[in-house]
Amino acid sequence: MEETSSLEQMIISAAKLIKDRDILMVGTQWPIIVSLFAKRFYCPNITICYEGGVVLQKIPDRIPLFTGDPVINSSSIMLGSCLDTLGSILHGGRADMALLSAASVDRFGNINTTCVGRYNSPAARFGGSGGACDFGSLAKRTVIILEHDKKRFPERVDFITTPGYLSGSDSRARVGLKNHTGPYAVVTTLGIFKFDHNGEMILSQFQPGSSVDEIRDSVQWELKVAEDVRQADPATEDELRVLRDEIDPKGMYLREARLLQGIR
């Protein structure tokens with residue numbers, strides 16, 4: 001079996017957080033492949049919802065490149081509109097989990113996908129929210145998935161596109177967001193993070209090949225570490241076979257990631 005890339009390990013670790021029969025609100029990029037892998041390998045009865053109005057209960061003929069990819073239409077059980085998914089499902093309180101990518105995420109789980117620097121004169125501008133603000137505000141559990149880079153883990157994001165626990169404590173509830181919603185985990189190429197009673201990120205597991213010290217050096221604040229922190233389970237041969245050969249056989253997500261790590 002070929003060497004496991006850190007992105008493959010990240011995808012598999014994130015998929016393990018999904019429960020069978022969950023109704024998922026799925027954002028673009030890594031959430032797409034995470035949700036499809038979870039459905040094929042762990043949780044066959046999950047329902048996948050995209051913000052544009054498509055609901056899936058089976059895996060498309062090929063992996064979608066984005067949540068509006070036409071390939072999802074022929075596999076859908078519902079071809080609706082944003083009103084159906086963001087309205088009836090998400091605002092209706094039916095979404096068990098949201099899966100989101102991020103340009104950056106801070107110590108309280110706030111997500112930035114808007115800009116680097118000041119909003120009116122940014123050093124870089126990104127795509128913005130789409131449905132991500134709704135996802136993170138209303139889903140019962142939000143899982144954030146991104147490649148780990150110290151620049152992407154500031155103590156405070158430049159712009160809150162999607163609210164996490166804001167400034168911690170009861171600040172989420174004070175602005176009107178329900179107590180039973182919010183970030184559940186952050187999964188990266190280096191580690192898996194949960195949130196403590198104050199809404200602050202805490203290292204729960206480190207990925208194979210990483211370490212607590214490396215991860216502490218890879219965020220811009222004094223990171224809390226769980227007393228029972230441990231190594232995440234390494235990807236198995238069966239997990240990698242399904243991910244590579246059944247979910248992304250053409251390497252639409254995985255090939256470039258492997259080449260960037262020098263894995264052929």
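Residues numbered from 1 in each chain as written. Predicted model: local features only at pLDDT ≥ 70, side-chain atom pairs only at ≥ 80, totals over all residues. Heavy atoms only, no water.

A.B. asks: So what about the packing of aromatic side chains? Which residues, and what values?
C.D. replies: The final tally for this structure, using the stated rule, is 7 aromatic pairs. Here the aromatic rings of tryptophan 30 and tyrosine 253 are separated by 6.3 Å at their centres, their planes lie at 55 degrees, and the arrangement is tilted. Here tryptophan 30, found in helix H2 (residues 30–41), pairs with tyrosine 253, found in the loop between helix H7 (237–247) and helix H8 (254–260); they are 223 residues apart in sequence, far enough to count as distant. Tryptophan 30 gets classed as buried once you look at its relative accessible area, which sits at 5%. An aromatic cluster is built from Phe37, Phe41 and Tyr42, whose rings are joined through pairwise contacts. Geometry around tyrosine 119 places arginine 125 over its ring, the cationic atom sitting 4.7 Å from the centre. Positioned above the aromatic ring of tyrosine 184, the side-chain terminus of arginine 141 is 5.8 Å from the ring centre. (Phe/Tyr/Trp six-rings, centres within 6.5 Å; stacked < 30°, edge-to-face > 60°. Helix = DSSP H or I, 4+ residues; strand = E, 2+ residues; numbered from the N terminus. Buried < 20%, exposed > 50% of the residue type's maximum accessible area, 1.4 Å probe, protein only. Lys NZ or Arg CZ within 6 Å of the ring centre and 35° of its normal.)

A.B. asks: Break down the side chain of arginine 244 for me, citing the residues and quoting the values.
C.D. replies: In this structure, arginine 244 sits in helix H7. Taking relative accessible area as the criterion, arginine 244 reaches 12% and is therefore assigned buried. Within polar-contact distance, the side chain of arginine 244 engages the backbone oxygen of glutamate 3 at 3.0 Å. One polar contact links arginine 244 to glutamate 8, side chain to side chain, over a distance of 2.9 Å. (Polar contact = N/O pair within 3.5 Å; in protein donor to acceptor, adjacent residues only side chain to side chain.)

A.B. asks: Let's hear about the sheet that holds strand S11 (residues 183–188): which residues, and what values?
C.D. replies: A sheet is described by the order of its strands in space; here 10 strands give the open sequence S4-S3-S2-S1-S5-S10-S11-S12-S13-S14, paired in mixed fashion. Two strands in the sheet have a free side with no partner beyond their single neighbour: strand S4 (76–79) and strand S14 (224–231). On average, adjacent strands in this sheet sit at an angle of 20 degrees to one another, irrespective of strand direction. The sheet contact formed by strand S12 (residues 191–195) and strand S13 (residues 201–206) spans 5 bridges and is antiparallel. Its bridge partner lying in S13, phenylalanine 195 is registered against methionine 201. Set on the sheet, helix H1 (residues 6–15) makes contact with strand S10 (141–146), S11 and S12; between it and S11 the angle comes to about 160 degrees. Strands strand S1 (23–26), strand S2 (47–49), strand S3 (54–56) and S4 of the sheet are contacted by helix H3 (residues 82–91), whose axis makes an angle of about 135 degrees with S1. (Pairing = 2+ DSSP bridges. Axes fitted to C-alpha atoms, helices over the stretch in contact; angles between N-to-C directions. Contact = heavy atoms within 4.5 Å.)

A.B. asks: Give a description of the packing of H1 against H7 that names residues and reports values.
C.D. replies: Packed helices, taken two at a time, are described by their axes: the angle between them and the distance between them. Running from N to C, H1 and H7 cross one another at 105 degrees; their axes reach a closest spacing of 11 Å. One finds that H1 runs roughly perpendicular with respect to H7. Across the interface between the two elements, Glu8, Ile11 and Ile12 of H1 pack against Glu239, Leu240, Leu243 and Arg244 of H7. Broken down by class, the residue content of the contact of H1 with H7 amounts to 4 nonpolar, no polar and 3 charged. (Parallel < 35°, antiparallel > 145°, perpendicular 65-115°, else oblique. Nonpolar A, V, L, I, M, F, W, Y, C, P; charged D, E, K, R; others polar.)

A.B. asks: Account for H1, with residues named and values stated.
C.D. replies: Counting buried positions over the 10 residues of H1 gives 9, a clear majority of the element. Three or more residues of H1 are buried, namely Leu7, Glu8, Gln9, Met10, Ile11, Ile12, Ser13, Ala14 and Ala15.

A.B. asks: Give me the lowdown on the nonpolar core, citing residues and values where you can.
C.D. replies: Ranked by size, the top nonpolar core spans 42 residues in total, and within it Ile18, Ile33 and Leu99 carry the most contacts. Residue assignment for this core shows that the elements contributing at least two residues are H1, S1, H2, S3, strand S5 (97–101), S10, S11 and H7. Looking at this core, the element that brings in the most residues is H2, giving 7 residues. The contact partners of isoleucine 33, leaving out residues within four places of it in the chain, are Ile11, Ile63, Leu243, Ile247, Asp248, Tyr253 and Leu254. The next biggest cluster of nonpolar side chains, apart from the first, holds 32 residues, and it includes Ala95, Ala98, Phe153 and Leu203. (Core = buried A, V, L, I, M, F, W, Y, C linked by side-chain atoms within 4.5 Å.)

A.B. asks: Tell me about the pairing of S5, and name the residues and values.
C.D. replies: When you tally the buried positions in S5, you get 5 out of 5 residues, the bulk of the element. Along S5, one buried face is formed by Met97, Leu99 and Ser101 and the opposite face, lined by Ala98 and Leu100, is buried too. Pairing geometry for S1 and S5, over 3 bridges, is parallel. Of the residues in S5, the one forming a bridge with valine 26 is leucine 99.

A.B. asks: Let's hear about the state of the cysteines: which residues, and what values?
C.D. replies: Across all of its chains, the model carries 0 disulfides by this definition. This cysteine, cysteine 115, is not joined by any disulfide, and cysteine 133 carries the nearest cysteine sulfur, 14 Å off. The structure places no disulfide on cysteine 133, whose sulfur is separated from the nearest cysteine sulfur, that of cysteine 82, by 14 Å. Residue classification places cysteine 133 among the partly exposed residues on the basis of a relative accessible area of 30%. (Disulfide = S-S within 2.5 Å.)

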